[in-house]
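Given next are the chains, with one letter for each unit.
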Amino acid sequence: MTEPKDEVLIDVRGVGKTFANGVVGLKNVSLRVKRGEVVCIIGPSGSGKSTLLRTLNALETITTGEIEVLGHSVHASRADLNRLRTHLGMVFQSFNLFPHKTVLENLMLAPRVVVGIGEGEARERAEQLLAKVGLADKAEAHPAQLSGGQQQRVAIARALAMQPDIMLFDEPTSALDPEKVNEVLDVMKVLAREGMTMCVVTHEMGFARAVAHRVVFMEAGEVVYEDEPQRFFAAPANERLRAFLGQVLK
Amino acid sequence: MYVAVLLAIGYALHAAGDRIEYSWRWERIPQYLVSNEGTELKASFDGFVSVGADGKSLTLKELKGGRRETLTGFDDLLVGDGDLVFQNDPLARKRGLVPGPLTLGLWMTLRISAVALLFSMLLGLAAGLGRVSRNPAAYGLATTYVELIRGTPLLVQIFIFYFFVGTVLKLSAFTAGVAALAVFTGAYVAEIVRAGIEAIPKGQMEAARSLGMSVPQAMRHVILPQAFKKTLPPLAGQFINLIKDSSLVSVMALTDLTKAGREVVASTFSPFEVWFTVAAMYLVLTGTLSWCVRRLEKRLAHD
Ligand SMILES: Nc1ncnc2c1ncn2[C@@H]1O[C@H](COP(=O)(O)OP(=O)(O)OP(=O)(O)O)[C@@H](O)[C@H]1O
Ligand SMILES: [Mg+2]
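Now for a quick tour of the structure. Because the structure is a prediction, the values reported are computed rather than measured.

Criteria and thresholds
Residues numbered from 1 in each chain as written. Chains lettered and ligands numbered in written order. Predicted model: local features only at pLDDT ≥ 70, side-chain atom pairs only at ≥ 80, totals over all residues. Heavy atoms only, no water. Helix = DSSP H or I, 4+ residues; strand = E, 2+ residues; numbered from the N terminus. Rg over C-alpha atoms; globule rule 2.2 N^0.38 Å. Buried < 20%, exposed > 50% of the residue type's maximum accessible area, 1.4 Å probe, protein only. Contact = heavy atoms within 4.5 Å. Areas by Shrake-Rupley, 256 points an atom, 1.4 Å probe, with all protein chains shown as cover. Patch = residues over 30% accessible without salt bridge, like charges linked within 9 Å, V, L, I, M, F, W, Y side chains within 5 Å. Salt bridge = Lys/Arg side-chain N within 4 Å of Asp/Glu carboxyl O. 1 Å grid on protein atoms, 1.4 Å probe; cavity = no way out; pocket = protein on both sides within 12 Å on 5 of 7 lines; lining within 4 Å. Points joined across faces, edges and corners; volume = space filled by probe spheres on them. Nonpolar A, V, L, I, M, F, W, Y, C, P; charged D, E, K, R; others polar. Pairing = 2+ DSSP bridges. Axes fitted to C-alpha atoms, helices over the stretch in contact; angles between N-to-C directions. Parallel < 35°, antiparallel > 145°, perpendicular 65-115°, else oblique. Left-handed = near helix turned anticlockwise from the far one by under 90°.

## Examining the overall build of chain B
Link 1 in the chain: Scanning chain B from terminus to terminus reveals ten helices and nine strands.
Link 2 in the chain: Taken against the 2.2 N^0.38 rule, which gives 19 Å for 303 residues, the C-alpha radius of gyration of chain B at 27 Å runs more than 25% over that of a compact globule.
Link 3 in the chain: Along the three orthogonal principal directions, the C-alpha set of chain B runs to about 85 × 60 × 40 Å.
Link 4 in the chain: Within chain B, the proportion of its 303 residues that are buried is 39%.
Link 5 in the chain: Long-range contacts, defined as pairs at least 24 residues apart, comprise 67% of the intrachain contacts of chain B with a sequence gap of at least 6.
Link 6 in the chain: Of the roughly 16900 Å² of accessible surface on chain B, a fraction of 64% belongs to carbon and sulfur atoms.

## Brief notes about a nonpolar patch on the surface
Residue and element names in this part refer to chain B.
Link 1 in the chain: Nonpolar side chains collect at one region of the surface, where Met1, Tyr2, Val3, Val5, Leu6, Leu7, Ile9, Leu13, Ile20, Trp26, Phe272 and Phe276 lie side by side and expose about 1300 Å² of accessible area between them.
Link 2 in the chain: Mapped by element, the contributors of at least two residues to the nonpolar patch are α1 (2–19) and α10 (271–302).
Link 3 in the chain: The element contributing the most residues to the nonpolar patch is α1, with seven residues.
Link 4 in the chain: Along the chain, the position of Tyr2 falls in helix α1.

## What to know about empty space enclosed by the protein
In this approach the atoms are scanned with a rolling probe the size of a water molecule, which exposes any empty space left behind.
Link 1 in the chain: By the definition in use, this model includes one cavity of 30 Å³ or more.
Link 2 in the chain: Residue lining of the largest cavity: Met90(A), Ala155(A), Arg158(A), Ala159(A), Ala207(B), Ser210(B) and Leu211(B), and that is the complete set.
Link 3 in the chain: Mapped by element, the contributors of at least two residues to the lining of the largest cavity are α5 (148–160) of chain A together with α7 (202–210) of chain B.
Link 4 in the chain: Ranked by residue count, the leading element in the lining of the largest cavity is α5(A), at three residues.
Link 5 in the chain: Its residues assigned to classes, the lining of the largest cavity shows five nonpolar, one polar and one charged.

## Some points on the pairing of strand β5 (residues 68–72) of chain B
Residues and elements named next belong to chain B.
Link 1 in the chain: Relative to β5, strand β4 (residues 57–62) runs antiparallel, the two being bridged by five bridges. Residue Thr59 lies in a different strand from β5, and its bridge partner there is Thr70.
Link 2 in the chain: In textbook terms, the turn of a hairpin is the stretch between consecutive antiparallel strands, and for β4 and β5 this stretch comprises five residues, one of which, Gly65, has a positive phi near 155 degrees.

## Here's the deal with the side chain of Asn106(A)
Link 1 in the chain: For Asn106(A), the location among the structural elements is in helix α3 (residues 103–115).
Link 2 in the chain: In this structure Asn106(A) touches Leu97(A), Phe98(A), Lys101(A), Pro143(A) and Arg158(A), once residues within four positions along its chain are discounted.

## Considerations on the packing of helix α6 (residues 173–198) of chain B against helix α8 (residues 215–245) of chain B
Residue and element names in this part refer to chain B.
Link 1 in the chain: At a minimum axis distance of 8 Å, the contact between α6 and α8 shows a crossing angle of 140 degrees. Compared by their axis directions, α6 and α8 come out oblique. In the packing of α6 onto α8, the handedness of the crossing is right-handed. Where α6 abuts α8, its residues Leu181, Phe184, Thr185, Tyr188, Val189, Ile192, Val193, Gly196 and Ile197 lie against Met219, Ile223, Leu224, Ala227, Thr231, Pro234, Leu235, Gln238, Phe239, Leu242 and Asp245.
Link 2 in the chain: The residue inventory of the contact of α6 with α8, partitioned by class, reads 15 nonpolar, four polar and one charged.

Right, dumping it as structure tokens:
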């Protein structure tokens, strides 16, 4: 496992989020992620895991606190969000591939229109990434022709095509058939080994144990406990986490 | 069964005609579609005619002035040597088939509808984007436009365009008619566009934004191409309405298919045949349009 560097890429300080309908999504959350670090976030449904992840690239606004990514304040009014987001790849539970485009076009679109790189370079980059996720032969397929596991690997490659510094994963395997889970996790393991900075919301405890530098437990919008995986899973010094682990690991 | 019912209806119509002692004169109709009257060459000013020795050329000398005009290449002479004619009097005729008034009316309807369709698309797209915009000014403007147009009858809007907007801006009847139809249809297109955009799952916009695309980039490359497929059937319906609604511009000084029908009825006293013919011509237009759209849909469904 590669060791994280000292540079802090994500700095979440005392963030609170109340939705328009009054539901509290986050309560005083703080979290720091260093370059090259893999952080897994676990917790029961509705505990705010997705909300936290989505505030990092400003898909969700925050009510209080501050978030800095790569030294830039994400929720400042003058933040250049489009530019900042190019440094943060995101992978969704439901893939969200562009159904009207081929796999290759899915990978080429953002580098072409956002960064403005040439057609040839974009194609070359896309083909390399497809080979990396094991889907070189699906370049001309449409997303609907792929299995869930294949679609999610394309989604990962699409995010990587922007050459981000950080990858955010929101339950990337939760919508998959059990036998397809590993092909996606394997791609993520390769990324982790290469030193990618990753925030992964997941229910895959095996993956967290094997790959994460740090595991974060959330409940009711709060970060309740965080630790390195060994201690986190073996003997957590927190009652609520023990109860949660007792449920999911049985 | 289908054919049987159609035959029965056809017979009933015929019988109904007999009941009111209507004499069907279908043979009168074709000349209003294609006429073999040829084109008349008309005098451009008042003057005296002198016919050439071979009868194949004709010269008009202006009555009060020095202008001269020579016509050749006609088939029938309609005036004699030395005749005094006035401006716009027919001088000679060129034989051949020319479109009759109904065909000209159809052509006018087609032109008005096509130009109005183009502008209603642009207007509807802009207003539809306004309807889903988070910018309060864009949203407010688009909403006001849509509510205003959908809340008033088209005929009233046409009168406003013709008598008020047209007069103030000195628009031709054609421009005013096209504008009225485009503005009217645009409001409905806007709602179709809005519904189409809202039917695209939220995750599509989020995925595009998470890759760094701006809202306009995401709209152009991700949302609208998908929305277009979904909106094609309702859009086609709206454009068929546009063709039918275009008959209302016949209240302006525009000879579209409906107005041409009225004029032909006035000169033939065969209202039944003429209106059935006019209806059939509208059907051909709308039928062709829906056929094209169905083909386009099939093509899009393949990729
Ligand atoms: N757009 C929204 N409007 C209002 N409430 C919301 C919204 N999104 C999430 N919530 C609420 O905020 C809380 C946290 O939701 P969140 O999606 O972050 O949970 P989660 O930990 O990701 O759960 P899951 O494991 O089910 O994905 C929940 O109570 C949820 O109902
Ligand atoms: Mg979630």
